[in-house]
Amino acid sequence: MKNPRAAHDFLSRTCSITGVGHHVPEKILTNADLEKMVETTDEWITTRTGIKERRIAAANEFTSDLATHAARNAMKMARVTPEQIDLIIVATLTPDMPFPSTACLVQRKLGAGRAAAFDIEAACSGFIFALEIGMQFIASRTYETVLVIGAEKLSSIVNWKDRNTCVLFGDGAGAAILQNRPQSHGLLTAVMGSDGNKADLLSMPGGGSACPATPESVAQGLHFLRMDGKETFKNAVNAMVSAANEAMRRCEVDISKIKCVIPHQANQRIISAVGERLGTTEEQLFVNLHKYGNTSAASVAIALDEAVASGRIHRGDLILLVVFGAGLTWGAAVIEW
Ligand code: UT7
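Residues numbered from 1 in each chain as written. Predicted model: local features only at pLDDT ≥ 70, side-chain atom pairs only at ≥ 80, totals over all residues. Heavy atoms only, no water.

*Asks:* Hey, could you go over the site of the ligand for me, with residue numbers and the actual values?
*Replies:* Taken together, 23 residues sit near the ligand, with Thr 40, Arg 48, Lys 230, Asn 267 and Asn 294 positioned nearest. In this structure, an oxygen atom belonging to the ligand sits 3.0 Å away from a side-chain N or O atom of Arg 269. At a separation of 2.6 Å, an oxygen atom of the ligand approaches a polar side-chain atom of Asn 294. Look at the ligand: alone it shows 950 Å² of surface, and the protein chains cover 75% of it. Looking at the shell around the ligand, the elements that each hand over two or more residues are helix H2 (42–49), helix H6 (163–166), helix H8 (229–251) and helix H9 (268–278). Residue contributions to the shell around the ligand peak at four residues, all from H8. Here the shell around the ligand is built from residues that sort into ten nonpolar, eight polar and five charged. Here the shell around the ligand spans two domains, since at least three of its residues come from each of domain 1 (16–179) and domain 2 (187–336). (Near = heavy atom within 4 Å. Polar contact = N/O pair within 3.5 Å; in protein donor to acceptor, adjacent residues only side chain to side chain. Areas by Shrake-Rupley, 256 points an atom, 1.4 Å probe, with all protein chains shown as cover. Helix = DSSP H or I, 4+ residues; strand = E, 2+ residues; numbered from the N terminus. Nonpolar A, V, L, I, M, F, W, Y, C, P; charged D, E, K, R; others polar. Domains from an automatic or database assignment.)

Quick look at the structure:
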């Protein structure tokens, strides 16, 4: 195994994930519940997606609340106090509001008064993009402790009358603390990619400068998420496979050396197709989609924490994260745990 960052060691340093954590809302919305809301069946949702239930945040529970809970759990594992945090990056496409950033709201809730804070938006790929940004600040010796969070309240932008999309998404947050630990490697490489030519496949047209909120835009449903599922599916499999292969190539490892593959949890059929094309065994693939549905930027962050907590990952194991989302965006990261 090669550490692709090592070539720059005289300038930079390694970046370890010293804590992970997640938080999901209490309320569970099952497929049976959805059968009462739209024309669907548990059988359709299960066979077409693999999802059985998802978590839905309360009316007074926002993305920043989910993010703050997840952050506290990660900080506990890393034994980090709010005062130690130098930088907070929140990846989300459902910020509490367009501005100020959700990261600033998290900073206030945590009492992390020293930290700089900003959001990034790379849809479902956001957590890997944010990890890579955070890693750069550790590697360059700019900061000692970076808090990276993927958090979403997708229930706030889902059209609950559209069966094509409302069965797919859920709310939640996952977080990681990044620090330099000289004796361990941590985040070895992250691949990121985008294709704005396919921006229309998955979007929410309303609410930005192109289409500010008006009674007409609301009536037309422009403030809801919309997706061309079939095209998105095809693009997802191809992009995830090539990002994963590129990340492994950079580290000079093949799939047999990876202990746990944590793919974006959007659809069991996508996960299986990606696993098949990468040549994974069933034991290597981590899946929690049945419990949470697609939580976008929170997805692999929640899954990483659950994989660690369940004993699937031990010190020194290699982990492959692989993501895909609106933009289009995609990415993969190899981590030595
Ligand atoms: O996180 C970002 C990445 N997101 C993704 O990667 C999601 C990618 N796409 C998908 O996961 C799948 O395309 C879906 C799960 C969204 C849809 O599965 P599909 O096999 O592509 O189904 P489809 O959209 O082609 O729909 C097949 C049929 C349609 O009926 P007709 O036109 O064949 O009569 C739909 O109207 O299934 C119908 N349908 C439903 N039926 C019952 C769509 N949604 C539902 C539903 N319940 N909830």
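We are not done yet, so read on.
*Asks:* Got a sec to walk through the sheet that holds strand E7 (residues 171–179)? Specific residues and values, please.
*Replies:* What the five strands build is an open sheet, ordered E1-E7-E6-E4-E5; its pairing is mixed. Only two strands of the sheet have a single partner each, and these edge strands are strand E1 (16–23) and strand E5 (116–120). Direction aside, the axes of adjacent strands within the sheet are offset by 15° on average. In the packing of helix H3 (residues 63–78) onto the sheet, the strands contacted are E1, strand E6 (145–153) and E7, and the crossing angle to E1 comes to about 135°. (Pairing = 2+ DSSP bridges. Axes fitted to C-alpha atoms, helices over the stretch in contact; angles between N-to-C directions. Contact = heavy atoms within 4.5 Å.)

*Asks:* Describe the pattern of salt bridges, and please don't skip the residues or the numbers.
*Replies:* Two side chains of opposite charge can pair, provided their charged atoms sit close to one another. All chains considered together, the criterion is met by nine salt bridges. Where Arg 249 meets Glu 246, a salt bridge forms, and the shortest distance between an N and an O atom there is 3.0 Å. With a gap of three residues between them, Arg 249 and Glu 246 both fall in helix H8, about one helical turn apart. Judged by relative accessible area, Glu 246 falls into the partly exposed class, the value being 26%. Each member of the salt-bridge network shares a partner with another, and the members are Glu 246, Arg 249 and Arg 250. (Salt bridge = Lys/Arg side-chain N within 4 Å of Asp/Glu carboxyl O. Buried < 20%, exposed > 50% of the residue type's maximum accessible area, 1.4 Å probe, protein only.)

*Asks:* Describe the pairing of strand E4 (residues 87–91), with residues and values.
*Replies:* Of all the five residues making up E4, five are buried; the element is thus mostly covered by neighbouring parts of the structure. Residues of E4 alternate between two faces, with Leu 87, Ile 89 and Ala 91 on one and Ile 88 and Val 90 on the opposite face, all of them buried. Sheet analysis places E4 next to E5, joined by five bridges and oriented parallel. Across the sheet, the residue bridging to Ala 91 is Ile 120, located in E5. In this fold, E4 hands off to helix H4 (residues 102–110), which returns the chain to E5; that crossover is right-handed. (Right-handed = clockwise from strand over helix to strand, strands pointing away.)

*Asks:* Talk me through the domain arrangement of the protein chain; I want residue IDs and the actual numbers.
*Replies:* As far as domains go, the protein chain holds domain 1 (16–179) and domain 2 (187–336). Computed over C-alpha atoms, the centres of domain 1 and domain 2 are 14 Å apart. Contacts between domain 1 and domain 2 engage 45 residues on the former and 46 residues on the latter. Between domain 1 and domain 2, a total of about 3,600 Å² is buried, with carbon and sulfur atoms accounting for 68% of that surface. On the surface where domain 1 and domain 2 come into contact, there are zero salt bridges. At the surface where domain 1 touches domain 2, the tally comes to 17 residue pairs in polar contact (both at pLDDT 80 or more). (Buried area = accessible area lost by both parts, 1.4 Å probe.)

*Asks:* I'd love a proper account of the packing of aromatic side chains, names of residues and values included.
*Replies:* Across all of its chains, the model carries one aromatic pair by this definition. Pairing Phe 137 with Tyr 143 gives two aromatic rings, centres 5.3 Å apart and planes at 40°, and the pair type is tilted. The class of Phe 137 is partly exposed, set by a relative accessible area of 26%. Assessed through its relative accessible area of 23%, Tyr 143 is described here as partly exposed. (Phe/Tyr/Trp six-rings, centres within 6.5 Å; stacked < 30°, edge-to-face > 60°.)

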